[in-house]
Amino acid sequence: MKTKTKRRIRTAGWILFILYLILLLYFLFFSEWYGRKNWIEEDYRYNLILFKEIKRFWIYREQLGMQAVLLNLVGNVVGFLPFGFILPILSKKRPNLLLTGVMGFLLSLSVETLQLIGKVGSFDVDDLLLNTAGAVLGYLLFSICNAIRRWKYGKTL
């Protein structure tokens, strides 16, 4: 692939990545649609028991409604898919699956910690797991798309 084309793809990737981060921060810290209208909670809210909230959402899915369940369980995964997909585009040396997973975990840990400190939302280890899974799935989706592109056009990114 031509150097000029690679540079354009990386530039577009950076623009998309910055827009993604802005949207992610908005939805996680400011969006009233996600229950952020009470800017500051009085108490710190956190869950340090793995699968506790996932299990709770699944057990009480009928009372909570499928929208709340999908928003929490699927939304945490889907919200980090773009991170795992765009990250390999940004780097000249493509990160591997493990590095992408670690970077997704660190971004999620940063977000969860800021939510705890700012008392906006809650710190939840289940969210760390789901967000990291989303980043890994995003990387796998990128790898599949890239393999199809290389097979079809015989070029590398």
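Our structure's up above, just so we're on the same page.
Undergrad: Whenever I open this one, the pattern of salt bridges confuses me. Can you help?
TA: Pairing is possible between side chains that carry opposite charge, provided their charged atoms lie close to one another. Taken as a whole, this structure holds one salt bridge when the rule is applied. The shortest N-O distance in the salt bridge between Glu53 and Arg56 comes to 2.6 Å. Taken together, the residues Glu53 and Arg56, both in helix H2 (residues 52-59) and three residues apart, mark about one turn of the helix. Glu53 sits in the buried class, given a relative accessible area of 15%.

Undergrad: Would you take a moment to explain unusual backbone geometry for this structure?
TA: Backbone phi values are negative for most residues with the exception of glycine, while trans is the configuration of most peptide bonds. Unusually for a residue other than glycine, Phe51 sits at a positive phi of about 75 degrees. Assignment of secondary structure puts Phe51 in the loop between strand S1 (46-47) and H2. Taking relative accessible area as the criterion, Phe51 reaches 46% and is therefore assigned partly exposed. The residue Lys119 is not glycine, and still its phi comes out positive at about 55 degrees. Position of Lys119 among the secondary structure elements: in the loop between helix H6 (97-118) and strand S2 (123-124).

About the thresholds
- Residues numbered from 1 in each chain as written.
- Predicted model: local features only at pLDDT ≥ 70, side-chain atom pairs only at ≥ 80, totals over all residues.
- Heavy atoms only, no water.
- Salt bridge = Lys/Arg side-chain N within 4 Å of Asp/Glu carboxyl O.
- Helix = DSSP H or I, 4+ residues; strand = E, 2+ residues; numbered from the N terminus.
- Buried < 20%, exposed > 50% of the residue type's maximum accessible area, 1.4 Å probe, protein only.

No statement about biological role is implied by the geometric values presented.
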